[in-house]
Amino acid sequence: MALRVFFLILPLAASCASTPAPSPSPDALALLAFKSVCSDRTAALGSWTESSDPCSGKWRGVKCQRSSSSSPPRVRRVVLEGLQLGGHAAALELLVDLPLLSFLSLENNSFTGSLHGIDFSRLAPHLKLLYLSGNGFSGRFPESVLRLRHLRRLDLSGNRIKGTIPPEIGHRLRALLTLNLARNSFVGPVPTSLEAMAELAELNVSGNHLKGPIPKCLASAFPASSFAGNPELCGSPLPLRCNEQQQIAYNGSGEASDGLRSGRWKSHDRWMVLMVMSAVGAAVALLVLAALCAALWLKNKKSTRRPRTNSPTNSTVVGEETVRFDGCCVEFDVGTLMRGAAEMLGKGATATTYRVAMGGNDASDAVVEEGKGEVVVVKRMRRREGARASREDERRRRELARQMGTWRHANIVGLRAFYASTEELLLVFDYIPNGSLHSLLHENRGPARVPLDWQTRLKLAQDAAHGLAYLHGVSGANLSHRHLTSSNILVDSSGNARVSDFSLLQLLAPAPPGEALQKQDVHSFGVILLEILTGRSPEDGSADLHRWARTVVREEWTSEMFDVELLRSKGADDEMVALLQVALLCVADNPRERPRMAVVAKMIEDIRDRGSKRGKCSASPSQAGHSHESSPCVSEDTTRSTPASSS
């Protein structure tokens, strides 16, 4: 392949040397070489000439950008969609030589050949969008794509790629928002690692030959259309139920072997298995009978020694338990908590919250000096007075606490440990020092207040949306917050928003699982967005903040509803209006019309990205002489989406 590319480039280099021409862009040679090996029946690339610069704005599908005012513009986008271009996949080797390429799309053309040998990893520092759908690419999944750590959207649908989907894809491409592998020839299971993609908003693996159960978190986060067209894929949301006894093994080439359905056992092997099973069954029966006899003998012996009393039997006794999760101090136990210096932070409907400085020797220490201990938040869960939980309720409560301890995301408050007994349930969380979104928005209103600027508000909204979307997804649509307010969104020392108290009510009073409760979370989040935009608090007598906002918008007073502190945020009006539209979607009266939190997070991310791009595009007096083409004003991260219709 390397020799082929060399001989393709050689004539171009010779012709450039023989003909005087203006000094081309450093990327011109790679693009002209790509053109020379492509089949271009419609002359779609006729504007790509040796006598012009690809960053002149005249080359079809090519966009450039300057990395600094002193450096020449470099190619950032190559978008050649539906141009009837053809050729071998090896032609892509020429495009991966563009060092700053961030957006590559060859959708709906006629390229063929295996992608497996293409080294996409050379684009790892910058590539965010890769669209190769609607061609004839074949071979296995290109492993070098797994090294594109900044990739946001990947679309390989409508090709002839075969083999298994890499099991580690979810751990390697954690930043993905879109993954479309529809209408290929993939076999094997749907990788469980996809559950690790906290920001994944669009998934489509339909129209392949996948087998086995759909991972639970994916089943709850994506519709049946994302998995349709795989006859042997089973489990929710598909109608085919899974048979748990079927275990399918796959080798590296994607070939499957089913040991329970092979039908290749010899007859004497079957008889041998039956004999062994019969012997084992008889032995187990004897052991069970002996155990029953021993239990009856012990019961009768105890009854003769100890008279019966009239006191009720306690069926709720469950032992004490201390469980630590990743990130918690190894020495943690309930005694360590009790010895720490505690300060009550508040008392709510579900728990009393304490700030505990573990590691201090004196209970009078109000603050732990840096390096001498660890500060945590302990929530002592309330129980109804006089009520004792049944054994089943206690088991369910502890199982949920264990599940909560596995949740890890940059925008949630992590559970580090818990202590449980029949009388107590103590939950140990990260300590978040900078207060809540509610305090930042509403406290200390007056002349001495430092206003909360628009960019900070928008970032906190995006962080909180990502955190809540993660919690909705990782809990498998079975859990919800049920009491989401701006007071439950905390701000850490790095200025990141983190959602707290998710599913705490479920620990006290279980609710039936279902999407309806999560749609209520979406409504509550919409109210929080209105707080961010208006500066009004629902606690100030504006309980129907969302109804007031609808009235203002309907009567076209939109510009007057924004917080006065935002008036100094010049140029952000469009972003505020866009966020208002998202908020009104979230507070729709019909829960079915409210978007999922993953979609809400993506919309807010788009708003923020467009704002940052617009900020870069605002020309200062010193930039007035620069070409407009050198400043891309369209978000390359999230504005492009893979529509469901493309599958």
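For the structure itself, look to the data block above.
Before going into details, it helps to say that this report is about the structure given with it. (Residues numbered from 1 in each chain as written. Predicted model: local features only at pLDDT ≥ 70, side-chain atom pairs only at ≥ 80, totals over all residues. Heavy atoms only, no water.)

### So, the overall build of the protein chain
Across its full length, the protein chain holds 15 helices and 25 strands. The 647 residues of the protein chain split such that 46% are buried. Relative to all contacts within the protein chain whose residues are 6 or more apart in sequence, the contacts with residues 24 or more apart total 64%. When the accessible surface of the protein chain is totalled, it reaches about 33,100 Å², and 55% of it is carbon and sulfur. (Helix = DSSP H or I, 4+ residues; strand = E, 2+ residues; numbered from the N terminus. Buried < 20%, exposed > 50% of the residue type's maximum accessible area, 1.4 Å probe, protein only. Contact = heavy atoms within 4.5 Å. Areas by Shrake-Rupley, 256 points an atom, 1.4 Å probe, with all protein chains shown as cover.)

### Points about the pattern of salt bridges
Enumeration according to the criterion identifies 26 salt bridges in this entry. Linking R398 and E394 is a salt bridge whose minimum nitrogen-to-oxygen distance equals 3.1 Å. Here R398 and its partner E394 are both found in helix α8 (residues 391–405), four residues apart, which amounts to about one turn of the helix. Grouping residues by exposure puts R398 and E394 together as buried. (Salt bridge = Lys/Arg side-chain N within 4 Å of Asp/Glu carboxyl O.)

### A short note on the environment of I607
Within the element layout of this structure, I607 appears in helix α15 (residues 597–617). The class for I607 is buried, based on a relative accessible area of 3%. Distance in space between the C-alpha atoms of I607 and L458 is 8.7 Å, their sequence separation being 149 residues. Excluding anything up to four places from it in sequence, I607 contacts L458, E575, A578, L579 and V582.

### Here's the deal with the packing of helix α10 (residues 454–474) against helix α14 (residues 573–586)
Helices that pack against each other are described as a pair by the angle of their axes relative to one another and the distance between those axes. Close contact between α10 and α14 brings their axes to 12 Å; oriented N to C, the two are set at 30°. Comparing the axis directions of α10 and α14 gives the class roughly parallel. Between α10 and α14 lies a crossing of left-handed hand. On α14, the residues touching W454, Q455 and L458 of α10 are E575, M576 and L579. The class makeup of the residues in the contact of α10 with α14 is four nonpolar, one polar and one charged. (Axes fitted to C-alpha atoms, helices over the stretch in contact; angles between N-to-C directions. Parallel < 35°, antiparallel > 145°, perpendicular 65-115°, else oblique. Left-handed = near helix turned anticlockwise from the far one by under 90°. Nonpolar A, V, L, I, M, F, W, Y, C, P; charged D, E, K, R; others polar.)

### A look at unusual backbone geometry
Between S236 and P237 the backbone carries a cis peptide bond, its omega angle lying at 5°. In the Ramachandran plot, Q84 falls in the positive-phi region, its phi being about 60° despite a non-glycine side chain. With respect to the helices and strands, Q84 occurs in the loop between β3 (74–79) and β4 (85–88). By relative accessible area, which is 42% here, Q84 ends up partly exposed. In the Ramachandran plot, R482 falls in the positive-phi region, its phi being about 75° despite a non-glycine side chain. In this structure, R482 sits in the loop between α10 and β24 (489–491).

### Quick look at the sheet that holds strand β12 (residues 185–188)
On the basis of which strands lie adjacent, the open sheet formed by four strands has the order β10-β12-β14-β15 and parallel pairing. Edge positions in the sheet fall to β10 (162–164) and β15 (232–234), since each of these pairs with one other strand and no more. Across the sheet, the mean angle from the axis of one strand to that of its neighbour is 30°, orientation sign disregarded. With two bridges joining them, β12 and strand β14 (residues 209–213) adopt parallel strand pairing. By the bridge assignment, G188 is partnered in β14 with L210. (Pairing = 2+ DSSP bridges.)

### Notes on the environment of S220
As for its placement among the helices and strands, S220 is situated in helix α5 (residues 216–221). Judged by relative accessible area, which is 27%, S220 ranks as partly exposed. Put simply, S220 and A477 are 257 residues apart on the chain and 5.5 Å apart in space, counted from C-alpha to C-alpha. When near neighbours in sequence (up to four residues on either side) are disregarded, S220 contacts G473, G476 and A477. A polar atom in the side chain of S220 sits 3.0 Å from the backbone oxygen of C217. (Polar contact = N/O pair within 3.5 Å; in protein donor to acceptor, adjacent residues only side chain to side chain.)

### Description of the state of the cysteines
Applying the stated criterion to the full structure yields two disulfides. One disulfide bridge connects C55 with C64, the sulfur atoms lying 2.0 Å from each other. Between C55 and C64, the S-S dihedral sits near -85°, and the bridge is therefore left-handed. Each member of the pair, C55 together with C64, is buried. Two residues share a disulfide in this structure: C234 and C242, whose sulfurs sit 2.0 Å from each other. Its torsion about the S-S bond being 105°, the disulfide of C234 and C242 is classed as right-handed. Overall, the relative accessible area of 33% leaves C242 in the partly exposed class. (Disulfide = S-S within 2.5 Å.)

### What to know about the packing of aromatic side chains
Any aromatic ring pair is given by two values, namely how distant the centres are and how the planes are angled relative to each other. Summed over all chains, the structure comprises seven aromatic pairs. Aromatic side chains W48 and W59 sit 5.3 Å apart centroid to centroid with 20° between the ring planes, which places their arrangement in the stacked category. Here W48, found in the loop between β1 (39–40) and β2 (62–65), pairs with W59, found in the loop between β1 and β2; they are eleven residues apart in sequence, far enough to count as distant. W59 carries the same exposure label as W48, and that label is buried. (Phe/Tyr/Trp six-rings, centres within 6.5 Å; stacked < 30°, edge-to-face > 60°.)

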